[in-house]
Amino acid sequence: MSDETLSNLLTENRTFAPPADLAADANVKADAYAAAAADHEGFWAEQAGRLDWAEPFTQVLDDTAAPFYKWFVGGKLNVAHNCVDRHVAAGRGDQVAIHFVGEPGDTRSITYSDLKDEVSRAANAIEELGIVAGDRVAIYMPMIPEAVVAMLACARVGATHTVVFGGFSADALASRIEDCNAKLVITADGGYRRGAPSALKPAVDAALEKIDNATTAIVENVLVVRRTGQDVAWNTDVDVWWHEVVDESSTDHRAQAFDAEHPLFVMYSSGTTGKPKGILHTTAGYLVGTAYTHHAVFDLKPETDVYWCTADVGWITGHSYIVYGPLANGVTQVLYEGTPDTPHKGRWWEIIQDYKVTLFYTAPTAIRTFMKWGRSIPDEYDLSSLRLLGSVGEPINPEAYMWYREVIGGDRCPIVDTWWQTETGMMMISPLPGVTAGKPGSAMTALPGVGADVVSEDGVPVPNGSGGYLVLTKPWPSMLRTLLGDDERFVDTYWSKYKEQGWYFAGDGAKKDDDGAIWLLGRVDDVMNVSGHRLSTTEIESALVSHPRVAEAAVVGAADETTGQAVVAYVILREGASAGATGEELVQELRNHVAKEIGAIAKPRSIMLVPELPKTRSGKIMRRLLKDVAENRTVGDTTTLADAGVMALIAEGQKTSTED
Ligand code: PRX
């Protein structure tokens, strides 16, 4: 085992076949895999037929300058036309595109006709402010419809947007504005979070001060939506109210077609270390990839489904599966501004009940939080409208999957565990809900038209039952095209490890189970080496979460004199979980539980019970910081943490943790 690139410890035998009615009427059936395998380019050319093209492409894939691939060469289209106008032209203007739910309880239902008018007005307004195709626009907004409108308006005029998550600081915003040379910033006075207005405009002001905009004048205008009505400082040279310019603009706007490879947006990676990477996505391939996968994986029936993705538009999930993929498919969707516990912990389930949501997409971190709060909360709501559940962002532990399936999905909804990245733009590995018999915790297989494998350090595909590195073996339409301004880093990061084979290195560990299904095992950087065994964080965390008292767990490898590294775990208990062992006794019970579930090699040296874990603002656990604590170092950079106080609490508590 110690020769393996990555150990395979956890075994899971439960499977859930697709519901018969869903399978019978599924958008994508099993034959898609064979069709795509037989003719990769032909398959994607066919998917390109989902879009309206102003000019047809002459070549599907140009790989002559690989890894700088080009898709749909020679084709031209307008993204906003495809996401909005064409649905109106097809007679679906009265269909609701967005059911907006503000945190304070205000609601708006926006039809495709409304959306077309609003995007056209916004497009006219930003053109009036001097924005032309090729310019960059930074968007720093709460989760309100204007955020979607702003993105589509940029796409409509060919300006490249970079959406900066509203929870990021002025410094983060400044570095992104500077890196991409944004000419315009679109923001709001603030948004509502946790029951109170949370200001945004002051951070824009601070960012402009930081980049010394007064002299450099990178940013010519700041377009400000009034959402909360808070007082804002106003610089009349630069600041413009949205309601003054957008509302006054014409609803007539002619959408010009752009080249297939025209830059659509830059998304700075939520990376936990180093300079953020400006991941560049382009026009046609991105839209084809997101539209197809949204259609296939969510089985969207646009006339009857109500879809809700809980991500923020500031992340790639919000770009691909709130804005571009779903709207290209003519979705009706919910957009919620606030947090899941405001004004009460049943808010999400209430929204599902009120809007009769059928397709629901969220992250494991949220699911584990709800597990911690207990099932009595969702049990109070009618969730019978749901027919499919999705998960993204991290490996979903088998236990969290089972909870999601039973408590939220009423044991009837299939779960699609979708593996992908900011870089991939679209889902890559996921069950097809009408085809795949899902296993709790596995993303299963590469989607039709996607090539994925698990390989050893030197590039040999591992046999079933073994672990290694995840690679993508074929180009795909929504792949990142480069890192903005840094082609070399693009090649080094993703394409140099398996250069000879021409594979994309995803940076994730994975394994194939005995049936060849793929299980994600966490970032390669987090792999631990215990007595020569390379252990993934995911499997040990899942073993901990499978204990009935545990809601969430994080493990790290800490330096150890005898074993090289030792497993150190941090655990959050479920609230009000049934009585049992406490303190030291419970810790021993959990250590033994891990040993029993996956083997003595993985038994944690120590376990600390904590109230919270350090997470990025997108919900990923920052194991690097826990490693600092476990190795008695001063805790490193915590600026990307959602809650900076968490680490102080854990560092303090570490002193009283158990060891033997
Ligand atoms: O480690 C994988 C994990 O999230 C990484 C990508 O993060 P980001 O670019 O922020 O995009 C998140 C939304 C797509 C991956 O390299 N990841 C994402 N989805 C899954 C996952 N790990 C396991 N299972 C998933 N379904």
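- The name given to the protein in an unreviewed UniProt entry is Acetyl-coenzyme A synthetase, with the source organism recorded as Nocardioides jejuensis.
- In its Sequence similarities (unreviewed entry) section, UniProt records this for the protein: "Belongs to the ATP-dependent AMP-binding enzyme family."

### Focus: the state of the cysteines
Moving on, step 1. Within this structure, the stated rule accounts for zero disulfides.
Moving on, step 2. With no disulfide of its own, Cys180 has Cys154 as its nearest cysteine by sulfur position, at a separation of 11 Å.
Moving on, step 3. Counting only cysteine sulfurs, Cys309 is the nearest neighbor of Cys413, a cysteine outside any disulfide, at a range of 17 Å.

### Some points on the sheet that holds strand β21 (residues 452-455)
Moving on, step 1. Within the open sheet, the four strands sit side by side as β21-β22-β24-β25. Their pairing is antiparallel. Each end of this open sheet is capped by a strand with a single partner; those strands are β21 and β25 (518-523). On average, each strand axis in the sheet is tilted by 45° relative to the strand beside it, whichever way the strands run.
Moving on, step 2. As paired strands, strand β24 (residues 504-512) and β25 are joined by four bridges and run antiparallel to one another. If you follow Asp508 over to β25, its bridge partner there is Arg523.
Moving on, step 3. In this fold helix α17 (residues 537-545) packs onto β24 and β25, with an angle of close to 100° to the strand it touches most, β25.

### Concerning the UniProt feature "binding site: ATP" (unreviewed entry) in the protein
Moving on, step 1. Mapped onto this structure's residue numbering, the UniProt feature "binding site: ATP" (unreviewed entry) falls at Gly393, Glu394, Pro395, Asp417, Thr418, Trp419, Trp420, Gln421, Thr422, Asp508, Arg523 and Arg534. The greatest C-alpha distance among the residues just named is 26.6 Å, and with 142 residues of sequence between them they are spread in space as well.
Moving on, step 2. With near-sequence residues (within four places) excluded, Trp419 lies in contact with Thr424, Met427, Met428, Ile429, Ala443, Leu470, Leu472, Ala506, Asp508 and Leu520.
Moving on, step 3. Ignoring sequence-local partners within four residues, the contact set of Asp508 consists of Trp419, Gly468, Tyr469, Leu470, Leu520, Gly522, Arg523 and Val524.

### Description of the packing of helix α4 (residues 79-92) against helix α6 (residues 145-157)
Moving on, step 1. Orientation of α4 relative to α6, taken along the N-to-C sense of each, is 125°, at an axis distance of 7 Å. Relative to α6, α4 is oriented oblique. Residues Val79, Ala80, His81, Cys83, Val84 and Asp85 of α4 form the contact with α6, whose participating residues are Leu152, Ala155 and Arg156.
Moving on, step 2. Split into classes, the residues belonging to the contact of α4 with α6 amount to six nonpolar, one polar and two charged.

Criteria and cut-off values
- Residues numbered from 1 in each chain as written.
- Predicted model: local features only at pLDDT ≥ 70, side-chain atom pairs only at ≥ 80, totals over all residues.
- Heavy atoms only, no water.
- UniProt positions renumbered as here; feature names shortened; annotations may be inferred.
- Disulfide = S-S within 2.5 Å.
- Pairing = 2+ DSSP bridges.
- Helix = DSSP H or I, 4+ residues; strand = E, 2+ residues; numbered from the N terminus.
- Axes fitted to C-alpha atoms, helices over the stretch in contact; angles between N-to-C directions.
- Contact = heavy atoms within 4.5 Å.
- Parallel < 35°, antiparallel > 145°, perpendicular 65-115°, else oblique.
- Nonpolar A, V, L, I, M, F, W, Y, C, P; charged D, E, K, R; others polar.

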